[in-house]
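What follows is the residue order along each chain.
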Amino acid sequence: MIILKNKPIKLWILCSLLSFFLLISCLYEPFLSKILTLRVEKTLIAGEINYPPFTPLEVPPFGTDIIGFTIFAKIIQGFKYTFFIGLLLSFFQIVSSLIINSLLIYKFGEKFLLPIFLYFDKLFSLIPKPFLLLLLIGPYYSALSFNTDNVQPQANLKFIIIQLFILFLIGIPNLVKLYHTELTFLFKQDFSLVSQTLGSSKIRTVSYSFRPQITELTVNLFFNILIKNLSLFIYLAYFNLYLGGSLVTKLDESATYTASISNEWSGLIGQNINSLASTPWTILIPLGFYSVLIFLLVRIKRYLMEEGAKSIHSSK
């Protein structure tokens, strides 16, 4: 009994932590950017002038990248973009899947629309997601890269919409299949057959009779697709296809440094992946925060599912 009472408290603690970090990140542009050290171009170490990159010991708490921007400031700034992009993408995928399944419960939808989604679900399952994303988004790579003196915010917005639209489409077929499988199972249950015999329409049965089961499934799928989308962001960043585009900085006549414009976390990992041996902190620190975010989402999902199952059991 004590364990059950502690679970809502743990859930609120996790949600509060997530909300606190989001608040800090949202305050970056209006307030924190004026207080924090954003870039260290040079510093005095052991009586000598040194240039970036700097280790976490040289520039606390997390050091800098190879052009001197502090990892700490980038982590704070990029969190809201990472979280909200993943959240909104997952939300629209779930809502769209529910709308599509409201059509599939009828014969014309099951006959004409369902085979299309099942075909693409099978097709997408045969092709690894990273290569599928590279195939679909890769052609836009040149348009996603800008020079420091040629940043185009409108083009940046245009191509982040293209990236998210492709990610959106890739996730839809499997969600539609999972919802349809669950609804097909529920429609075969005795309480559903009785409800339809008494004159209840299919859409009303789904909206009222199936509400507990669909709600539980939706919570489960939402967190699963959110975590999956966050993982896909990492794959995109590995191929230098950063969400929102890239900014190319010329270091010298022969070297350039490509960075994420938005500073979202997967971009911070991808832009420094080739420097793992020389500047490991530039990858491991953002990757650590990314792992903590996924861990928080997994725990929140677990507690929500347990609370939902407990409420359903108590209502019977």
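Residues numbered from 1 in each chain as written. Predicted model: local features only at pLDDT ≥ 70, side-chain atom pairs only at ≥ 80, totals over all residues. Heavy atoms only, no water.

Chemist: Could you give an account of a nonpolar patch on the surface, with specific residues and numbers?
Modeler: There is a patch of nonpolar side chains on the surface, built from Ile9, Ile13, Leu17, Phe20 and Phe21 and spanning about 470 Å² of accessible area. For Ile9, the location among the structural elements is in helix 1 (residues 2-26). Ile9 gets classed as partly exposed once you look at its relative accessible area, which sits at 47%. (Patch = residues over 30% accessible without salt bridge, like charges linked within 9 Å, V, L, I, M, F, W, Y side chains within 5 Å. Areas by Shrake-Rupley, 256 points an atom, 1.4 Å probe, with all protein chains shown as cover. Salt bridge = Lys/Arg side-chain N within 4 Å of Asp/Glu carboxyl O. Helix = DSSP H or I, 4+ residues; strand = E, 2+ residues; numbered from the N terminus. Buried < 20%, exposed > 50% of the residue type's maximum accessible area, 1.4 Å probe, protein only.)

Chemist: How would you sum up helix 4 (residues 129-137)? Please name residues and give values.
Modeler: Burial in helix 4 covers these residues: Pro130, Leu132, Leu133 and Ile137. For helix 4, the arc enclosing every buried residue in end-on projection is 160 degrees, short of the 170-degree limit, so these residues lie on one face. Facing away from the buried side of helix 4 by more than 90 degrees, the exposed set consists of Phe131 and Leu135. (Arc of directions from axis to C-beta.)

Chemist: How would you sum up the packing of aromatic side chains? Please name residues and give values.
Modeler: Counted by the stated rule, this structure contains 16 aromatic pairs. The interplanar angle of 75 degrees and the centroid separation of 5.6 Å between the aromatic rings of Phe62 and Phe289 together place this pair among those described as edge-to-face. Note that Phe62 is positioned in the loop between strand 2 (48-50) and helix 2 (71-104) and Phe289 in helix 11 (residues 281-315), a separation of 227 residues in sequence. With a relative accessible area of 19%, Phe62 lands in the buried category. Taken together through their ring pairs, the aromatic side chains of Phe62, Phe72, Phe79, Phe83, Phe84, Trp265, Phe289 and Tyr290 make up a single cluster. One Lys or Arg, Lys202, reaches over the ring of Phe187 and ends 5.7 Å from the middle of that ring. (Phe/Tyr/Trp six-rings, centres within 6.5 Å; stacked < 30°, edge-to-face > 60°. Lys NZ or Arg CZ within 6 Å of the ring centre and 35° of its normal.)

Chemist: Outline the packing of helix 8 (residues 202-209) against helix 9 (residues 211-238), listing residues and values.
Modeler: Between helix 8 and helix 9, the shortest axis-to-axis distance is 5 Å and the interhelical angle comes to 70 degrees. Taken as axis vectors, helix 8 and helix 9 run roughly perpendicular relative to one another. Contacts from Val206, Ser207, Tyr208 and Ser209 of helix 8 reach helix 9 at Arg211, Pro212 and Gln213. A class-by-class count of the residues in the contact of helix 8 with helix 9 yields three nonpolar, three polar and one charged. (Axes fitted to C-alpha atoms, helices over the stretch in contact; angles between N-to-C directions. Parallel < 35°, antiparallel > 145°, perpendicular 65-115°, else oblique. Contact = heavy atoms within 4.5 Å. Nonpolar A, V, L, I, M, F, W, Y, C, P; charged D, E, K, R; others polar.)

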